Amino acid sequence: MIYLLIILLLFFAEILYFRIANKYNIIDKPNERSSHTQITLRGGGIIFWIAAVLYVIFNPSEIAGWFLVGITLVAVVSFWDDIQGLGPKIRLLAHLLAMTCAFYLANVFGEYPWWAIAIAYIVFIGIMNVYNFMDGINGITGLYTIAVLLPMMYVNYYVAEFAPHDLLRYPFLASVVFLFFNFRKRAKCFAGDVGSISIAFWVVTLLLLLILKTQNLIWVGFLVVYGVDGVVTILHRIYLKQNIMKAHRLHFFQILANEQKIPHRLVSFIYFVVQLICSALIVWLYPIMGWWILAVLILILMLVYLLKFKLMKK
């Protein structure tokens, strides 16, 4: 019953936000870098921050408090960036402070050497930004988040309980509600940075807790599809001497949706299914193959990714 209430509250909050966005003209105007062609409300992903607030209200604890502070930091700065734009230094500072909150709730400080913590800052902030970069077509952020959360839920239930179950259920419910408005031929709203960064922080916090609980990094494979697309695209842009912080249309999903004219929702669904398959193979085969299963998946994805360069020439 509580989860039905959460869904209704999230629906109400999203509709209320639409009225606010309409009143204050919080919109996304298409440009030459966009994958959409019509003006659409921006910032609908604020629902992920609202879900975090609801989680803390119904599950108060010190851990929940640190989590709320962290996700609020990135949500406020990202929403500000959505409205009028911010410099990269302010965004980076917010990400650093947010990850510090995540490290506090996970009891990282004092337990691990400084160099390991420094690497963790780089890796997890990098994941957050890749998650943001990948938010470019209808449905991809919501569906991919579900593809990440489902195997995490399985691990939490059957392998090792690394987090309160509701800390995984609430973002799942928020993703479902968001997809109701976003997974359409003409989306009612886009996530905006406030959505993609907020849910990215939620995901990396869960990933951090999972890694620390199991003392195993293999779970980064739950993000392997985004990881390969994001990292290889960054390397490609560096090779082209482009500013990697500026908008572009070189991700594989953008080539499929824009150059190949494959429907956005189909491309998003493909990413969703491929990530689910990769995660299932990791859970199933890691006890047998060890880290080789992740290496094989990365190799296969990179070979598929090479198709992008052929598609770009056509």
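Computed from a prediction, not measured in an experiment: that's the story for all the values here.

## Regarding helix H9 (residues 224–239)
Given a rise of 1.5 Å per residue, 16 residues ought to cover 22 Å, and the 22 Å separating the end C-alpha atoms of H9 matches this to within 8%. Along H9, the positions that sit buried rather than exposed are Val224, Val225, Tyr226, Val228, Asp229, Gly230, Val232, Thr233, His236 and Arg237.

## Remarks on the side chain of Thr205
Tracing the chain through its elements places Thr205 in helix H8 (residues 192–214). Judged by relative accessible area, Thr205 falls into the buried class, the value being 1%.

## Things to note about the nonpolar core
In this structure, Leu10, Met99, Phe124 and Trp202 are the most contacted members of the largest nonpolar core, which totals 96 residues. At 14 residues, H8 tops the list of elements feeding residues into this core. Apart from the residues within four sequence positions on either side, Phe124 is in contact with Met99, Phe103, Val204, Leu207, Leu208 and Ile211. Listed in part, the five residues of the second largest apolar core include Leu143, Ala147, Leu179 and Phe272.

## Digging into unusual backbone geometry
Phi is positive for Asn107, close to 55 degrees, though the residue is something other than glycine. By the element assignment, Asn107 lies in the loop between helix H4 (88–105) and helix H5 (114–133). Take Asn107: its relative accessible area is 54%, and that puts it in the exposed class. In this structure, Lys261 is a non-glycine residue whose phi angle is positive, near 60 degrees. For Lys261, the position within the fold is in the loop between helix H10 (252–259) and helix H11 (264–289).

Calculation notes
- Residues numbered from 1 in each chain as written.
- Predicted model: local features only at pLDDT ≥ 70, side-chain atom pairs only at ≥ 80, totals over all residues.
- Heavy atoms only, no water.
- Helix = DSSP H or I, 4+ residues; strand = E, 2+ residues; numbered from the N terminus.
- Expected span 1.5 Å × (residues − 1).
- Buried < 20%, exposed > 50% of the residue type's maximum accessible area, 1.4 Å probe, protein only.
- Core = buried A, V, L, I, M, F, W, Y, C linked by side-chain atoms within 4.5 Å.
- Contact = heavy atoms within 4.5 Å.

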